[in-house]
Amino acid sequence: MAGNATFRHSNTALLSVSSVEAPRIVSSTDFDRRLASTLQRLKFPPRLLERVAGITHRRWWAAGTSFDDAAVEAGAKALAEAGIEASDVGLLINTSVTRRNLEPSVAVKIHHSLGLPSSAMNFDLANACLGFVNALTLAANMIDSGQIRYAVIVNGEDAQLTQEATLARLQRPETTRDDFNREFATLTLGSGAAAAVLGPADEHPGAHRVVGGVMRAGTEHHELCVGGIDGMNTDTKGLLDGGLQLVVDAWQEAQPEWDWAAMDRYVTHQVSNAYTQAIIDAIDLDPDKVPITFPHWGNVGPASLPMTLAAEAQSLGSGDRVLCMGVGSGLNTAMLEIVW
């Protein structure tokens, strides 16, 4: 089939993956309370977010903490856990969807705050919720080629401003059921941060090998989920159907070369009950091997997959095979195997 071929990495290892939880817990019950008049007027059932998406709460940052401060914290934590000095880093990629300005990049503040050398390339890589996985692949290619030795991938997300604006808009008396349905996915978002450090596998024999994977695009669906600072409009059913087909196509394309039917863990991008169950059913995954974090973190965008991987790290043993699976608005999908 025409499209992106599967790919392999020859000499890259994941040295560490870390996460930072935002401290403020914001419950779906609180959102229901703020939207009570709208929900009643539009005849929506109670506990809608919890019942439909399976999200009981999400997190926001404390006052005075910004998403890029959190990304710096995650990056510093990942470097410390990897035992790598900032002076040895050759690449920093920020994958945050959240940003204050069109320019400069978010990466420049993080580069400066981490004390990385002038020789370390730094830039933003934006691809919706798939950005972190894309950055892992790009960094691994550069390590494999010998261009750099160590890379730091970071992400910080802040859902508060977008959700506050959405809640205010949905409380208006002119809000319709269609308006509510288009903006429902915005209420599932959460805040958090994550980081990973990659390096040459031949210098770190005990680290986790980044083996390779597959990517696939379905850009005919680029208008199904469009977001900005003030809100996000989503065709939820269209996004689920299109994303599911894309995942199945990528999975089938990869199978002649990869045997992913019996992995030890499937770490997926965290969205909702319906999305997770649809993926499990479509490619026949063992649900006991699919860790779930969205009920208490929400959808933390590109940070959700590495945050989930960091949470699973303590329960993984040497030689365990982990498949990272993500879908990003646009649509794009990627699957990346890591051997623990």
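Residues numbered from 1 in each chain as written. Predicted model: local features only at pLDDT ≥ 70, side-chain atom pairs only at ≥ 80, totals over all residues. Heavy atoms only, no water.

### Here's the deal with the overall build of the protein chain
Secondary structure assignment for the protein chain yields 12 helices and 14 strands. Relative to the compact-globule value of 20 Å for 340 residues, the protein chain shows a C-alpha radius of gyration of 20 Å, a close match. Considering only C-alpha atoms, the protein chain reaches an extent of 60 × 45 × 35 Å along its principal axes. Going through the 340 residues of the protein chain one by one, you find that 57% of them count as buried. (Helix = DSSP H or I, 4+ residues; strand = E, 2+ residues; numbered from the N terminus. Rg over C-alpha atoms; globule rule 2.2 N^0.38 Å. Buried < 20%, exposed > 50% of the residue type's maximum accessible area, 1.4 Å probe, protein only.)

### Side note on the packing of helix 4 (residues 67-82) against helix 5 (residues 106-113)
Interaxial distance between helix 4 and helix 5 falls to 9 Å at its minimum, and their mutual angle equals 45°. Between helix 4 and helix 5, the interaxial angle falls into the category oblique. You can see that helix 4 and helix 5 cross each other, and the crossing is right-handed. The segment helix 4 lies against helix 5, with Phe67, Asp68, Asp69, Ala71 and Val72 engaging Val106, Lys109, Ile110 and Ser113. Residue composition of the contact of helix 4 with helix 5, grouped by class: five nonpolar, one polar and three charged. (Axes fitted to C-alpha atoms, helices over the stretch in contact; angles between N-to-C directions. Parallel < 35°, antiparallel > 145°, perpendicular 65-115°, else oblique. Left-handed = near helix turned anticlockwise from the far one by under 90°. Contact = heavy atoms within 4.5 Å. Nonpolar A, V, L, I, M, F, W, Y, C, P; charged D, E, K, R; others polar.)

### Describing the UniProt feature "domain: Beta-ketoacyl-[acyl-carrier-protein] synthase III C-terminal" (unreviewed entry) in the protein chain
Mapped onto the present numbering, the UniProt feature "domain: Beta-ketoacyl-[acyl-carrier-protein] synthase III C-terminal" (unreviewed entry) falls on residues 257-335. Helix makes up 29% of residues 257-335 and strand makes up 20%, while its end C-alpha atoms are separated by 13 Å. (UniProt positions renumbered as here; feature names shortened; annotations may be inferred.)

### Let's talk about the pattern of salt bridges
If you walk through the whole model with that rule in mind, you get 16 salt bridges. Note that arginine 33 is salt-bridged to aspartate 30, the shortest N-O span being 3.3 Å. Highlighted residues: arginine 33 and aspartate 30, both in helix 1 (residues 28-34), separated by three residues, approximately one helical turn. For arginine 33, a relative accessible area of 55% gives the class exposed. A relative accessible area of 23% places aspartate 30 in the partly exposed class. Ionic pairing is found between arginine 182 and aspartate 179, a salt bridge with its closest N-O pair at 2.4 Å. Residue arginine 182 and its partner aspartate 179 are both found in helix 8 (residues 177-183); the two are separated by three residues, about one turn of the helix. Judged by relative accessible area, which is 25%, aspartate 179 ranks as partly exposed. (Salt bridge = Lys/Arg side-chain N within 4 Å of Asp/Glu carboxyl O.)

### Regarding the UniProt feature "domain: Beta-ketoacyl-[acyl-carrier-protein] synthase III N-terminal" (unreviewed entry) in the protein chain
In the numbering adopted here, UniProt assigns the feature "domain: Beta-ketoacyl-[acyl-carrier-protein] synthase III N-terminal" (unreviewed entry) to residues 123-204. In this annotation, residues 123-204 is assigned 40% helix and 23% strand; the end-to-end C-alpha distance for the span is 26 Å.

### Points about the nonpolar core
Leu14, Leu309 and Trp340 are the most contacted members of the largest nonpolar core, which has 33 residues in total. The biggest single contributor to this core is helix 6 (residues 131-145), with seven residues. For leucine 309, the residues in contact, after removing those within four places along its chain, are Leu14, Val17, Val267, Val322, Cys324, Ile338 and Trp340. Of all hydrophobic cores here, the second largest spans 31 residues; its members include Val20, Ala71, Tyr150 and Ala193. (Core = buried A, V, L, I, M, F, W, Y, C linked by side-chain atoms within 4.5 Å.)

### Focus: unusual backbone geometry
With an omega of 0°, the peptide bond running from glutamate 103 to proline 104 counts as cis. Note on placement: proline 104 falls in the loop between strand 5 (89-94) and helix 5. The omega angle of the peptide bond from glycine 330 to leucine 331 is -10°, so this bond is cis rather than trans. Mapped onto the elements of the fold, leucine 331 is located in the loop between strand 13 (321-328) and strand 14 (332-339). In this structure, lysine 43 takes a positive phi of about 60° despite not being glycine. Here lysine 43 lies in the loop between helix 2 (36-41) and helix 3 (48-53). Positive phi, normally seen in glycine, also occurs at aspartate 284, with a value near 60°. Mapped onto the elements, aspartate 284 comes out in the loop between helix 10 (273-282) and helix 11 (294-297).

### Looking at helix 5
Inspection of helix 5 places Val106, Ala107, Ile110 and His111 among the buried residues, and these make up the whole buried set. Angularly, the buried residues of helix 5 cover 125° about the axis, an arc narrow enough to put them on a single face. Buried residues belonging to helix 5 abut helix 4, strand 5, strand 6 (121-124) and strand 7 (150-157). Just beyond helix 5, the residue with positive phi is glycine 115, at close to 70°. (Arc of directions from axis to C-beta.)

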